[in-house]
Amino acid sequence: MAGTLYLVPTPIGNLGDISRRSAETLERVDFIAAEDTRVTLKLLNHLGLKKPLISYYRHNAEEAGGQVLDRLLAGESCALCTDAGTPAISDPGEELVALCAQHEVPVEALPGPCALVVALSASALPTARFVFEGFLPMNRKNRRARLEALAGEERTMLFYEAPHKLTATLADLEEAFGPERRISLCRELTKLHEEILRTTLAGAVERYKGETPRGEFVLVVEGAPAQAGEEYTVADGLERVETLRGEGLSRKDAVKQAAKELGLSRNELYAAALEL
Ligand code: SAM
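Residues numbered from 1 in each chain as written. Predicted model: local features only at pLDDT ≥ 70, side-chain atom pairs only at ≥ 80, totals over all residues. Heavy atoms only, no water.

## Quick notes on the pattern of salt bridges
In plain terms, the rule: The salt bridge definition used is simple: a Lys or Arg side-chain nitrogen within 4 Å of an Asp or Glu carboxyl oxygen.
Taken as a whole and assessed by the stated rule, the structure comprises 17 salt bridges. We note a salt bridge from Glu 76 to Arg 71, for which the minimum N-O separation is 3.0 Å. Linking Lys 191 and Glu 188 is a salt bridge whose minimum nitrogen-to-oxygen distance equals 3.3 Å. Among the ionic contacts, a cluster of salt bridges with common partners joins Arg 140, Arg 143, Arg 144, Asp 172 and Glu 175.

Here's what the structure looks like:
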């Protein structure tokens, strides 16, 4: 019988964020496939664990993926750890998961740290509907084309970005979405110098003018205003109110949020909700 591939999320800055279940899984598996063995070794030392490690990173994914698969098929269990956060989210792992699924090897994903989720929850921007765009293309022409395609996107948008490209990306975002669009710049999350700057795109450009930013960033950008042509009905509003109430909001707050999200009259929606 094939062994299991465990996707083990690791801290994005604070070693205390490794969960008990993740630590137990690392202890139990036969071996660990690590994006950077030095980084994972540091975590294992913190946990007082010793475990055989093999390298699995973007540029050896095909060859190393085959080796991991063979060992899984032979009955060994494996934990996949990337440098930080949840494996397969903008880092190696996606292909390995697909390969395992293809060969009917069980895959178990553990919940844990993920930079985009931490950023979204702290952004103070709407969280009900969002879209994760990962890293924008490096090439400026392609990056602009991607942003152009997002011009009408109404959901909150999340981007990962490297510090040396941040200034150029902020300028492109301002050009594509306009200076007034709100952004939460989430830097060094869970680390000592964590900083969340909630401002506009113009404010963000101004903040980093003439400065080389340092640290890791998630950009959370407000979606475009709802299009006048896109008509939502009171019935759509009531459905959304029900969902929000299921998430724990009071009727009043659920109506307020649903009306804002769908561009409906708050009074009309509240009256309809009372009649239910
Ligand atoms: N798999 C990871 C996850 O679950 O978040 C993401 C890996 S991706 C290669 C690395 C990017 O995640 C960084 O360039 C940055 O955009 C974001 N990131 C990771 N840690 C972060 C942190 N502590 N603060 C802000 N952004 C972070």
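Once the structure has been displayed, the description carries forward.
## Details of the sheet that holds strand S1 (residues 5-7)
To keep it simple, the criterion reads: Two strands pair if DSSP finds at least two bridges between them. The way it works is that DSSP assigns letters per residue, a run of H or I at least four long becomes a helix, a run of E at least two long becomes a strand, and they are numbered from the N terminus. Inter-axis angles, ranging from 0 to 180 degrees, are taken between N-to-C directions of lines fitted to C-alpha atoms, where helices are fitted over the stretch in contact. Throughout, a contact is declared for two residues whenever any of their heavy atoms are within 4.5 Å.
On the basis of which strands lie adjacent, the open sheet formed by five strands has the order S3-S2-S4-S1-S5 and parallel pairing. Here the strands that pair on one side only, and so sit at the sheet edges, are strand S3 (53-55) and strand S5 (107-109). Averaged over neighbouring strand pairs, the angle between their axes works out to 25° when direction is ignored. As judged from the four bridges shared by strand S2 (residues 31-34) and strand S4 (residues 78-81), these two strands associate in the parallel manner. The partner of Ala 34 across the bridge, within S4, is Cys 81. With respect to the sheet, helix H4 (residues 94-102) is in contact with S1, S4 and S5, its orientation differing from that of S1 by roughly 145°.

## Let's talk about the packing of helix H10 (residues 251-262) against helix H11 (residues 266-275)
When two helices pack together, their arrangement is given by the angle between their axes and by how far apart the axes lie. Condition: By definition in this entry, angles of less than 35 degrees are roughly parallel, angles greater than 145 are roughly antiparallel, angles of 65 to 115 are roughly perpendicular, and the rest are oblique. Here a crossing is taken to be left-handed if its near helix is turned anticlockwise relative to the far helix by less than a right angle, and right-handed if that turn runs clockwise. Asp, Glu, Lys and Arg are counted as charged, while Ala, Val, Leu, Ile, Met, Phe, Trp, Tyr, Cys and Pro are counted as nonpolar; the rest, among them Gly, fall into the polar class.
At a closest axis distance of 9 Å, the pairing of H10 and H11 adopts a crossing angle of 135°. As far as their axial angle goes, H11 and H10 are oblique. When the axes of H10 and H11 are compared, the crossing they make is right-handed. Contacts from Arg 251, Lys 252, Val 255, Lys 256, Ala 258 and Ala 259 in H10 reach Arg 266, Leu 269, Tyr 270, Ala 273 and Leu 274 in H11. A breakdown of the residues in the contact of H10 with H11 according to their chemical character gives seven nonpolar, no polar and four charged.

## Quick notes on the packing of aromatic side chains
The geometry of an aromatic ring pair comes down to the distance between the two centres and the angle between the two planes. Applicable threshold: Only centres within 6.5 Å qualify two rings of Phe, Tyr or Trp (six-membered ring in Trp) as a pair; their planes then separate them into stacked at under 30 degrees, edge-to-face at over 60, and tilted for everything else. Throughout this description, buried means an accessible area under 20% of the type-specific maximum (1.4 Å probe, protein chains only), exposed means over 50%, and partly exposed covers the range between. To sit over a ring, a charge needs its Lys NZ or Arg CZ within 6 Å of the ring centre and within 35 degrees of the ring normal.
A full pass over the atoms with the stated rule returns three aromatic pairs. Ring geometry for Phe 132 and Tyr 160: centres 4.9 Å apart, planes at 70°, overall edge-to-face. Of this pair, Phe 132 sits in strand S6 (residues 130-135) while Tyr 160 is found in strand S7 (residues 156-161), placing the two residues 28 residues apart along the sequence. Taking the centre distance of 5.7 Å and the plane angle of 65° together, the rings of Phe 135 and Tyr 160 count as edge-to-face. Taken together, the residues Phe 135 in strand S6 and Tyr 160 in strand S7 connect sequence positions 25 residues apart. Among the residues examined, Phe 135 registers a relative accessible area of 44% and is labelled partly exposed. Sitting over the face of the ring of Tyr 6, Arg 28 holds its NZ or CZ atom 5.5 Å from the ring centroid. Sitting above the plane of the Tyr 208 ring, Arg 207 keeps its charged end 4.4 Å from the centroid.

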